[in-house]
Amino acid sequence: MLRSVFLAAAGSSRLERLVESAPVAKGIVRRFVAGSGLDDALRAARELADDGLGISLDYLGEDTLTAEQAQATREAYVALLGRLRGAGLTPAAEVSVKLSALGQLIDDKLAYDHAHAICAAAAEAGTTVTVDAESHQTTDSTLEIVANLRKDFPATGAVLQAHLRRTEGDCRELATAGSRVRLCKGAYAEPESVAFQSALDVDKSYVRCLNILMSGEGYPMVATHDPRLIAIAEDRARWFDRSADEYEFQMLYGIRPEEQARLAAGGHTVRVYVPYGDQWYGYLMRRLAERPANVAFFGRALASRK
Ligand SMILES: Cc1cc2nc3c(=O)[nH]c(=O)nc-3n(C[C@H](O)[C@H](O)[C@H](O)COP(=O)(O)OP(=O)(O)OC[C@H]3O[C@@H](n4cnc5c(N)ncnc54)[C@H](O)[C@@H]3O)c2cc1C
């Protein structure tokens, strides 16, 4: 129930203005977002790299409706990749992009062209791009764009969401040599017709998908904070005899940092997804939707605003 309220709020521009203007918002955002500028992104990346963790930087923004904004997002990524390279942070740091921030809602071709330019900048910087998964209405278009990007940049990563009923089939298609696939549960509100609704069904789907990816020939990126799924992934990696450079764990910035450190200390490859930028509203609402404790934290901060 609370989850659907926050996911609905993620799409409300009226609420967005209200929350963004609340002085307390900054403190809450700081827990999940590295900061608003390039320097903040680089500082967070440096700290994580010094701790032996990989990084995927996400320049916040989504559902862009103007060509100018899509162009600005592309330029922000190209500038980011130049700075990462200059700071010696590649290949430890890669980038995650949302096609909707690159104009996918205006025109697929526009988003593809911008994503292609970002992949080219990443290749020049010695690193890679992973294309985030968004609402199910965009899944076909997104996977097609990733397939086209992979013709020129084979290391481009795809993201699959275990809550979608189609995802087992997508895993089968993508579990091929050289294919990087991030498996997550899925953060968007989706109808029953296309997505599993109960947490148990989503978890069961996650395990089926994980089995396909771990037994396949690609590079699975296990994106979850769920202790049970992490234990299952560790087990599958052992069962399928994968060494530490043949899969990785991924978690979000500010969530379960001790677990990130524990896995890395245990010899696993761990990458942290680091969002930065001013357009944090949709991202924050999805994080609040995921966990009641985060909502309590948000409520306490609002209550103590005087
Ligand atoms: C690296 C990465 C990239 C992602 N990319 C995408 C994407 O492209 N598209 C997409 O739809 N989704 C994406 N997600 C989000 C994902 O779909 C889930 O919504 C999110 O990871 C929460 O699910 P969970 O697997 O961690 O399990 P949950 O069942 O939500 O959580 C398990 C446990 O993890 C901890 N935890 C989980 N979430 C939080 C939180 N917000 N705050 C504090 N503790 C928490 C708690 O201990 C909780 O009990 C990504 C997630 C990660 C880690």
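Quick note: structure is the one above.
Residues numbered from 1 in each chain as written. Predicted model: local features only at pLDDT ≥ 70, side-chain atom pairs only at ≥ 80, totals over all residues. Heavy atoms only, no water.

Draft legend 1. Just the overall build of the protein chain, in detail. When you go through the protein chain residue by residue, the secondary structure sums to 13 helices and eight strands. Along the first, second and third principal axes, the C-alpha atoms of the protein chain reach 55 × 40 × 40 Å. Within the protein chain, buried positions represent 52% of all 306 residues. In the protein chain, once contacts between residues fewer than 6 apart in sequence are set aside, the share between residues at least 24 apart is 74%. By element, 54% of the accessible surface of the protein chain is carried by carbon and sulfur atoms, the whole surface being about 13800 Å². Between the centroid of the 36 positive side chains of the protein chain and the centroid of its 41 negative side chains there is a distance of 6 Å. (Helix = DSSP H or I, 4+ residues; strand = E, 2+ residues; numbered from the N terminus. Buried < 20%, exposed > 50% of the residue type's maximum accessible area, 1.4 Å probe, protein only. Contact = heavy atoms within 4.5 Å. Areas by Shrake-Rupley, 256 points an atom, 1.4 Å probe, with all protein chains shown as cover. Lys, Arg positive; Asp, Glu negative; His and termini not counted. Charge placed at Lys NZ, Arg CZ, Asp CG, Glu CD.)

Draft legend 2. Representation of the pattern of salt bridges. In total, this model carries 21 salt bridges according to the counting rule given. A salt bridge links E168 to R172, with the shortest nitrogen-to-oxygen separation between them at 3.4 Å. Note that E168 and R172 are positioned in helix 8 (residues 167-174) at a spacing of four residues, about one turn of the helix. Since its relative accessible area comes to 51%, R172 is described here as exposed. R228 is the partner of D203 in a salt bridge, and the nearest nitrogen-oxygen pair spans 3.6 Å. With a gap of 25 residues between them, D203 in helix 9 (residues 199-215) and R228 in helix 10 (residues 227-239) connect regions that are remote in the sequence. Residue classification places D203 among the buried residues on the basis of a relative accessible area of 11%. (Salt bridge = Lys/Arg side-chain N within 4 Å of Asp/Glu carboxyl O.)

Draft legend 3. Inspection of the pairing of strand 5 (residues 180-184) at higher detail. Burial analysis of strand 5 places five of its five residues in the buried class, the great majority of the element. By the alternation rule, side chains of strand 5 split into R180, R182 and C184 and V181 and L183, which are all buried. In this view, the connection linking strand 4 (residues 157-161) to its parallel neighbour strand 5 by way of helix 8 has right-handed handedness. Relative to strand 6 (residues 219-223), strand 5 runs parallel, the two sharing four bridges. Bridged to V181 within strand 6 is P220. Remark: the strand 5/helix 9/strand 6 crossover connection has right-handed handedness. (Right-handed = clockwise from strand over helix to strand, strands pointing away. Pairing = 2+ DSSP bridges.)

Draft legend 4. Spatial organisation of the nonpolar core. Counting 62 residues, the largest nonpolar core has L57, L80, L84, V95 and V274 as the members making the most contacts within it. Other than its neighbours up to four places away in sequence, L80 contacts L38, A41, L42, L57, V95 and Y276. (Core = buried A, V, L, I, M, F, W, Y, C linked by side-chain atoms within 4.5 Å.)

Draft legend 5. The site of the ligand, seen in detail. Around the ligand there are 25 residues in total, and K185, G186, T224, H225 and E290 lie nearest to it. Contact between the ligand and T224: an oxygen atom at 2.6 Å from a side-chain N or O atom of the residue. Take E290: an N or O atom from its side chain is 2.6 Å from an oxygen atom of the ligand. With the chains in place, 87% of the 940 Å² that the ligand exposes on its own is no longer accessible. (Near = heavy atom within 4 Å. Polar contact = N/O pair within 3.5 Å; in protein donor to acceptor, adjacent residues only side chain to side chain.)

Draft legend 6. Structural detail: the side chain of Q250. Turning to its location among the elements, Q250 is positioned in strand 7 (residues 248-252). Take Q250: its relative accessible area is 5%, and that puts it in the buried class. The residues contacting Q250, other than those within four sequence positions of it, are R182, M221, V222, A223, T224 and R271.

Draft legend 7. Just helix 12 (residues 281-290), in detail. Of all ten residues in helix 12, nine are buried, a share of seventy percent or more. Those residues of helix 12 that fall on the buried side of the exposure criterion are Y281, G282, Y283, L284, M285, R286, R287, L288 and A289.

Draft legend 8. Structural context of the pairing of strand 4. For strand 4, the buried fraction is high: five of the five residues fall into the buried class. Two elements, strand 3 (residues 129-131) and strand 4, share two bridges in a ladder whose sense is parallel. Paired with V131 across the bridge in strand 4 is A158. Two strands pair when backbone bridges link them, and strand 4 and strand 5 are joined in this way by four bridges, in the parallel orientation. Counted as the bridge partner of A158 is V181 from strand 5.

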